[in-house]
2 protein chains.
Amino acid sequence: MMITTKGRNALKVMLDLAQHDDGNPVPLADIAERVRESQKYLESTVSQLSQKGLITSTRGKSGGYRLSRPVSDYTVAEIITAAEGSLAPVSCVSGEVTCENACNCLSLPLWKELDEVIMNFLTSKTLADLLR
Amino acid sequence: MMITTKGRNALKVMLDLAQHDDGNPVPLADIAERVRESQKYLESTVSQLSQKGLITSTRGKSGGYRLSRPVSDYTVAEIITAAEGSLAPVSCVSGEVTCENACNCLSLPLWKELDEVIMNFLTSKTLADLLR
DNA sequence: ATTATTTCCTATCTTTATTATAGGAATTAT
DNA sequence: ATAATTCCTATAATAAAGATAGGAAATAAT
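Regarding the side chain of Asp 16 of chain B
Mapped onto the elements, Asp 16 of chain B comes out in helix H1 (residues 5-19). The contact partners of Asp 16 of chain B, leaving out residues within four places of it in the chain, are Ile 31, Arg 34 and Val 35 of chain B.

Next comes the structure, spelled out in structure tokens:
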């Protein structure tokens, strides 16, 4: 599975934030209750979204999270990538791996194309699209 | 990762069989040596390809494996699916899982579309395409 | 018939990745 | 001061992937 619970949760949180944006920070406890996931588990995912600048956090009492940009500015690709680290369908194209046989591998061009197809699709979809 | 070593190996084996088809069955030991993978590990993958009818096995001395159809008749999608079981990018669309929230999930349509995009691409590529 | 070579089957082990929980430190509005 | 919140680190539990081992069954070649 290319997209795991972590990536799906990230998207759920972003959608929840979009739907409950009243100007005030939204506490994670509220989000967790609505999306029915353990707050503790969501913490790590949300923390990554925050570190990558996709959401803005406010600490302390009456703190929480807010989207940092308009919903139409977020692509699904960047949200999933922020949570999963990569959305490469095959390790060969994830950058981490170097295959000594790459230069004469008959499959590699296929994997690269596949990666592009997926990227193009997920980059074309914004958070706003999902809310419609 | 949606496509793992197993799926990549399946494709490697199919390509190797295509390139060494002289009418006689090709022993797995030969294939393993050429693609530089452990024969024992390849066995399970090759066995799946055989059971799904993608290749034909001949047992006993001077036995081995052969492609059962012309190379242009194999789509990459079916080869990977035979080896991996599924090539769904998200468990939500793999069939195995039933999510009680499916009916009002904002993300599900996206995952279904993504699955389609991937399927369309991998179904459009044949083994013959990779050999060119 | 015997033998060598091969696929086939089943079991198990190791390693890695994912999923999840726990405890508490730091921050800040009230 | 207090209560509510994010933030940080560690670790445990579960599942998936990757790999190995031993031997049974089949069959061509001798």
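Topic: the protein's contact with DNA strand D
Near DNA strand D you find 23 residues, and of these Leu 28, Ser 57 and Tyr 65 of chain A together with Thr 5 and Lys 40 of chain B are the closest. Sugar plus phosphate, as a fraction of atoms of DNA strand D within 4 Å of the protein: 65%. For DNA strand D, a sugar or linking oxygen lies 3.2 Å from a polar atom in the backbone of Lys 61 of chain B. Elements with a minimum of two residues in the surface near DNA strand D: helix H3 (39-51), strand E1 (55-58) and strand E2 (64-67) of chain A together with H1 and helix H3 (39-51) of chain B. For the surface near DNA strand D, the element with the most residues is H3 of chain A, which contributes three residues. Grouping the amino acids of the surface near DNA strand D by side-chain chemistry returns four nonpolar, 12 polar and seven charged.

Here's the deal with the relation of the copies chain A and chain B
It takes a turn of 180° to lay chain A on chain B, together with a shift of 0.0 Å along the axis; the resulting RMSD is 0.0 Å. What we have between these two chains is a two-fold relation. Minimal C-alpha distance to the rotation axis in chain A is attained by Met 2 of chain A, lying at 2.2 Å. When you check the interface residues of chain A against chain B, 100% turn up at the interface there too, and the contact is symmetric in its surfaces.

Cut-offs and rules
- Residues numbered from 1 in each chain as written.
- Chains lettered and ligands numbered in written order.
- Predicted model: local features only at pLDDT ≥ 70, side-chain atom pairs only at ≥ 80, totals over all residues.
- Heavy atoms only, no water.
- Helix = DSSP H or I, 4+ residues; strand = E, 2+ residues; numbered from the N terminus.
- Contact = heavy atoms within 4.5 Å.
- Near = heavy atom within 4 Å.
- Polar contact = N/O pair within 3.5 Å; in protein donor to acceptor, adjacent residues only side chain to side chain.
- Nonpolar A, V, L, I, M, F, W, Y, C, P; charged D, E, K, R; others polar.
- Least-squares fit on C-alpha atoms with pLDDT ≥ 70 in both.

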